[in-house]
Amino acid sequence: MPALPKMMWSWAIHQNGTPREALTLSQVPVPATPPAGTNLLIRVTHAAVNPADISLFTAWIPFRGRPGFDFIGTVVGVGPKVPVQIKRLMSGMEVVGALGLSQILWGAGTLAEYVQIPAELVALKPPNLTTEQALGCGIAGQTAVMVMREAAVEVGWRVLVNGASGGVGTILIQILKARGAHVIGVCSRRNEDIVKRLGADEVIDYTTHEDLHAYLTEKYAGDQLDLIIDCVGDDVLFTKSPAYLQPKGKFIEIVGGRTQGILPFIMNQLRPVILGGTPRNYKILGLAPSGKYAHELAQWIEDGMVKEVLIDSEYDMKDVIQAYEKLMTRRARGKIVVKIQD
């Protein structure tokens, strides 16, 4: 392999605030090689921005470090404790995956030209996947895998996906259809055609209903839903769910990281009905990336269960602030990609 440079370009959070207030782009030393322990050194070519990143800008405990969870890149260094069989398999190969919050807190982050990553978080990029498809193996795709494992969806289930046009929602719709579910997507009218194209049987335009929860009550009271997946964070969707979710139905909510969702976890998952809790099965899922999840999603793509990983837009490395500003509009359709380098 060619010699590595001594310096690299990297984004970092230096204060709380908006992306323009919080982020700076500067040159910093390339991580040491060979990497420590069971880590891999990755030359990052593409990353993606996620809602989990936004929480780093606004966390009540100030965070100073590098953002970025998703990545595609090439292995250019292998730690001494990586098993020999993995070392032979990974060295020089193109890989995909996502960091966990613990790696971010220890100073990693994929919005940089190089990053050290534990080998267990990495999966080989299948050669027949495009860059866009492979980015689906990051946070969005792995979250979809976690949801499907938790949900145990059965053929014929009526499933509502709130936030159906986002990065996670667009993948979930396809997997749910492949598993034989009747899928109802909630999104705005501008995204209706996309959500239908991906497989939704019904689409609800939330912008046309003054009270979405009242509409769901009216529409599904007589034929209640089996599963609700909330990709938005609408707490009222759960507290009012007895009107439209079966008594034995499931409500799954996704969040961006383990430090988020503490109040919903206490109020919705832990609080018993006798103390005012909602009498429905509630589960909140945090961010727990895994190379196994990345590999499972890649296999679903190869098998045709996921036919499209929707990409909203692509930004250059120098334009990361604009990428985050687009993400914060909540109008992105699918993933927002950052090209780090060729």
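Everything below is about the structure shown above.
Small disclaimer: the values here were computed from a predicted structure and weren't measured.

Visitor: Please set out the overall build of the protein residue by residue, giving values where relevant.
Guide: Looking only at helices and strands, the protein has 13 helices and 15 strands in total. Relative to the globule expectation of 20 Å for 342 residues, the C-alpha radius of gyration of the protein, 20 Å, shows essentially globular dimensions. Taking the principal axes of its C-alpha atoms as reference, the protein extends roughly 65 × 40 × 40 Å. Counting across all 342 residues of the protein, residues that qualify as buried make up 55%. Carbon and sulfur atoms form 54% of the exposed surface of the protein, whose accessible area is close to 15,200 Å². Charge centroids of the protein, computed over 34 positive and 33 negative side chains, lie 5 Å from each other.

Visitor: So what about the packing of aromatic side chains? Which residues, and what values?
Guide: Inspection of the entire model under this criterion finds four aromatic pairs. On the basis of an interplanar angle of 65 degrees and a centroid distance of 5.1 Å, the ring pair of Phe-238 and Phe-251 is categorised as edge-to-face. Note that Phe-238 is positioned in helix H10 (residues 235–239) and Phe-251 in strand E12 (residues 245–254), a separation of 13 residues in sequence. Since its relative accessible area comes to 0%, Phe-251 is described here as buried. Ring centres of Phe-251 and Tyr-282 lie 5.8 Å apart, and the angle between their planes is 15 degrees; this geometry places the pair in the stacked category. Taken together, the residues Phe-251 in strand E12 and Tyr-282 in strand E13 (residues 281–285) connect sequence positions 31 residues apart. The buried category is assigned to Tyr-282, whose relative accessible area is 5%. Pairwise contacts between aromatic rings join Phe-238, Phe-251 and Tyr-282 into one cluster.

Visitor: Residues and numbers for the side chain of Ser-290, please.
Guide: Within the element layout of this structure, Ser-290 appears in the loop between E13 and helix H12 (291–303). At 3.0 Å, the side chain of Ser-290 forms a polar contact with the backbone nitrogen of Lys-292. Those residues within four positions of Ser-290 in sequence are excluded, and the remaining contacts are Glu-120, Leu-121 and Gln-142.

Visitor: Would you mind going over the sheet that holds E13 in detail, with residue names and values included?
Guide: If you walk across this open sheet you meet the six strands as E10-E9-E8-E11-E12-E13, and the pairing is parallel. Two strands bound the open sheet, and with one partner strand each, they are strand E10 (202–205) and E13. Sheet twist, expressed as the average angle between the axes of neighbouring strands with direction ignored, equals 15 degrees.

Visitor: Describe the pattern of salt bridges, naming the residues involved and giving the relevant values.
Guide: This model, assessed by the stated rule, comprises 12 salt bridges. Here Arg-20 ties to Glu-325 by a salt bridge, and the two come within 2.6 Å at their closest N and O atoms. Here Glu-325 lies in helix H13 (residues 320–328) and Arg-20 lies in helix H1 (residues 19–22), a separation of 305 residues in the sequence. The shortest N-O distance in the salt bridge between Glu-308 and Arg-197 comes to 2.6 Å. With Glu-308 in the loop between H12 and strand E14 (311–316) and Arg-197 in helix H8 (residues 192–197), the pair connects residues that are 111 residues apart, well separated along the chain. Taking the relative accessible area as the measure of exposure, Glu-308 reaches 27% and is therefore partly exposed. Residue class for Arg-197 comes out exposed when judged on its relative accessible area of 51%.

Visitor: Help me get a handle on the pairing of strand E6 (residues 114–118), residues and values and all.
Guide: In terms of burial, E6 is a largely internal element, four of the five residues being buried. Note: strand E3 (residues 39–49) against E6, five bridges, orientation antiparallel. Note that in E6 the partner of Arg-43 across the bridge is Tyr-114.

Visitor: If you had to explain the pairing of strand E15 (residues 335–339) to someone new, which residues and values would you point to?
Guide: In terms of burial, E15 is a largely internal element, four of the five residues being buried. By the bridge criterion, four bridges tie E3 to E15 in an arrangement that is antiparallel. Across the sheet, the residue bridging to His-46 is Lys-339, located in E15. What joins E14 to E15 is H13, and the crossover it makes is right-handed.

Visitor: Break down the environment of Leu-172 for me, with residues and values.
Guide: By the secondary structure assignment, Leu-172 is in helix H7 (residues 167–178). On a C-alpha basis, the gap between Leu-172 and Val-145 in space is 8.5 Å, while along the polypeptide they are 27 residues apart. Not counting chain neighbours up to four residues away, the residues in contact with Leu-172 comprise Ala-144, Val-147, Met-148, Ile-229 and Cys-231.

Criteria and cut-off values
Residues numbered from 1 in each chain as written. Predicted model: local features only at pLDDT ≥ 70, side-chain atom pairs only at ≥ 80, totals over all residues. Heavy atoms only, no water. Helix = DSSP H or I, 4+ residues; strand = E, 2+ residues; numbered from the N terminus. Rg over C-alpha atoms; globule rule 2.2 N^0.38 Å. Buried < 20%, exposed > 50% of the residue type's maximum accessible area, 1.4 Å probe, protein only. Areas by Shrake-Rupley, 256 points an atom, 1.4 Å probe, with all protein chains shown as cover. Lys, Arg positive; Asp, Glu negative; His and termini not counted. Charge placed at Lys NZ, Arg CZ, Asp CG, Glu CD. Phe/Tyr/Trp six-rings, centres within 6.5 Å; stacked < 30°, edge-to-face > 60°. Polar contact = N/O pair within 3.5 Å; in protein donor to acceptor, adjacent residues only side chain to side chain. Contact = heavy atoms within 4.5 Å. Pairing = 2+ DSSP bridges. Axes fitted to C-alpha atoms, helices over the stretch in contact; angles between N-to-C directions. Salt bridge = Lys/Arg side-chain N within 4 Å of Asp/Glu carboxyl O. Right-handed = clockwise from strand over helix to strand, strands pointing away.

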